[in-house]
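# Understanding the architecture of this molecule
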Amino acid sequence: MKHLENITDEDRWQAVLAKDRRFDGAFVTGVHSTGIYCRPSCPARVPLRKNVRFYPGPDEAATAGLRPCKRCSPNTQSAEEACVLAAIAAIRDQGAMTLDQLAELTGYTATHFQRLFKRTVGLSPAAFARALRERRVHEALTSGQRVTDALAMAGYTGPEQFYAETKGRLGMRASDWTRGGAGRVIHWAVLATSLGDMLVAATEAGVCCIAFGEGEAELRARFPKAELEPAGDAFRALFADVVQAVEQPGPGSAAIPLDIHGTAFQQRVWEELRRIPHGETRSYGELAAALGSPKASRAVGGANGANHIAVLIPCHRVIAADGTLGGYAYGLAIKAELLRREGA
């Protein structure tokens, strides 16, 4: 269910602060001042960071001389966790399943299981199945399989169903994916701003990349088989609007067209980012709650990091739970200045 092998101790600490259930089973939190270890989602009071060490699992924590917390029972798997894992395994094996089928599998009512699954995973069972199918298509196409074979392998009845389900999210057609973006024309320029040089790139549909301190090499790494062209006069007004959004932020930047693609969940996160008013910030937990998935702060952080359109998709407005700036791909100095200009 989780792909967390690359997380840092800071990621783990943020999960503990957010009491994020998505991390339960990925590690345990050792509290050496009390001699116990807990789940990341333990409802007990959050310990001081200086007293905490993280362990891969209960066995390692016990070897360090710690005993399991009686409130969250980190050495046992709850019935709810077991049911969610069983549902995920069934969806991976059989494809999309109805709520009634999943309820019968797990022994819960359909309504209760829907809430339980979304609280744990961050997506509904149907959205999880769609995201899984899209991912399988993407992996198959980028490995060189034919479009029809990739769609059939992922469980689509045909191209029409694939396009209907992914319309407005993926940005490229399946035939574009299988060519690694070949045939796409991206117009780009590196523009001077008061925050340093800024890469701006756009297709005919809208802006597809904004990045500080990057150039053609980084753009080509993002779109390895697209055709890159220096932006001409046709893009002058659009790129000027982007610079204006950086130098003098305002609500007018929402009208700048974007050409973005991502998973269903990423799209939801990016849309919610654009709803954060100028002059305000949100924590990962608050953003997850606004999406109706209060335990999905880790997934929200991942979607934040996958955003390649700085400023216009304002991931700089997301800060750490303790009110500090947190991280930012282009450096905290730029993040702080963007927030200052917006009045945050």
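Residues numbered from 1 in each chain as written. Predicted model: local features only at pLDDT ≥ 70, side-chain atom pairs only at ≥ 80, totals over all residues. Heavy atoms only, no water.

## Details of the packing of aromatic side chains
As a reminder, the rule being used: Classification of ring pairs rests on two measures: the distance between centres of Phe, Tyr or Trp rings, Trp counted by its six-membered ring, which must be within 6.5 Å, and the angle between planes, read as stacked under 30 degrees, edge-to-face over 60 and tilted in between. Segments assigned H or I by DSSP are reported as helices when at least four residues long, segments assigned E as strands when at least two residues long, and all are numbered from the N terminus. Each residue gets one of three labels from its accessible area relative to the maximum for its type: buried under 20%, exposed over 50%, partly exposed in between, using a 1.4 Å probe on protein chains only. Note on geometry: a ring has a charge over it if NZ (lysine) or CZ (arginine) is within 6 Å of the ring centre and within 35 degrees of the ring normal.
Applying the stated criterion across every chain yields a total of six aromatic pairs. Aromatic side chains phenylalanine 117 and phenylalanine 128 sit 5.9 Å apart centroid to centroid with 70 degrees between the ring planes, which places their arrangement in the edge-to-face category. Separated by 11 residues along the polypeptide, phenylalanine 117 in helix H5 (residues 110-121) and phenylalanine 128 in helix H6 (residues 125-142) bring together distant segments of the chain. Considered together, phenylalanine 117 and phenylalanine 128 belong to a single accessibility category, that of buried residues. Judged by centre distance (5.9 Å) and plane angle (70 degrees), the ring pair of phenylalanine 212 and tyrosine 330 falls under edge-to-face. You can see phenylalanine 212 sitting in strand S7 (residues 207-212) and its partner tyrosine 330 sitting in the loop between strand S10 (318-319) and helix H15 (332-342), a full 118 residues away along the chain. Judged by relative accessible area, phenylalanine 212 falls into the buried class, the value being 6%. Chaining the aromatic ring pairs together yields one cluster made of Phe113, Phe117 and Phe128. Above the ring of phenylalanine 27, the side-chain terminus of arginine 12 is found at 5.8 Å from the ring centroid. Its guanidinium or amino end placed over the ring of tryptophan 13, arginine 49 lies 5.5 Å from that ring's centre, counting from NZ or CZ.

## Things to note about the environment of alanine 26
Examined against the element boundaries, alanine 26 turns out to sit in the loop between helix H1 (9-18) and strand S1 (28-31). On the basis of relative accessible area, alanine 26 is assigned to the partly exposed category, the value being 30%. Spatially, the C-alpha atoms of alanine 26 and glycine 57 are 7.4 Å apart, while their sequence positions differ by 31 residues.

## With respect to the side chain of histidine 187
Heads up, the rule is: Two residues qualify as a contact provided that any one of their heavy atoms is within 4.5 Å of a heavy atom in the partner residue.
You can see histidine 187 is positioned in strand S5 (residues 185-193). Each residue touching histidine 187, except ones within four places of it in the same chain, is listed here: Val200, Ala201, Ala202, Glu204, Glu229, Pro230, Ala231, Phe235 and Phe239.

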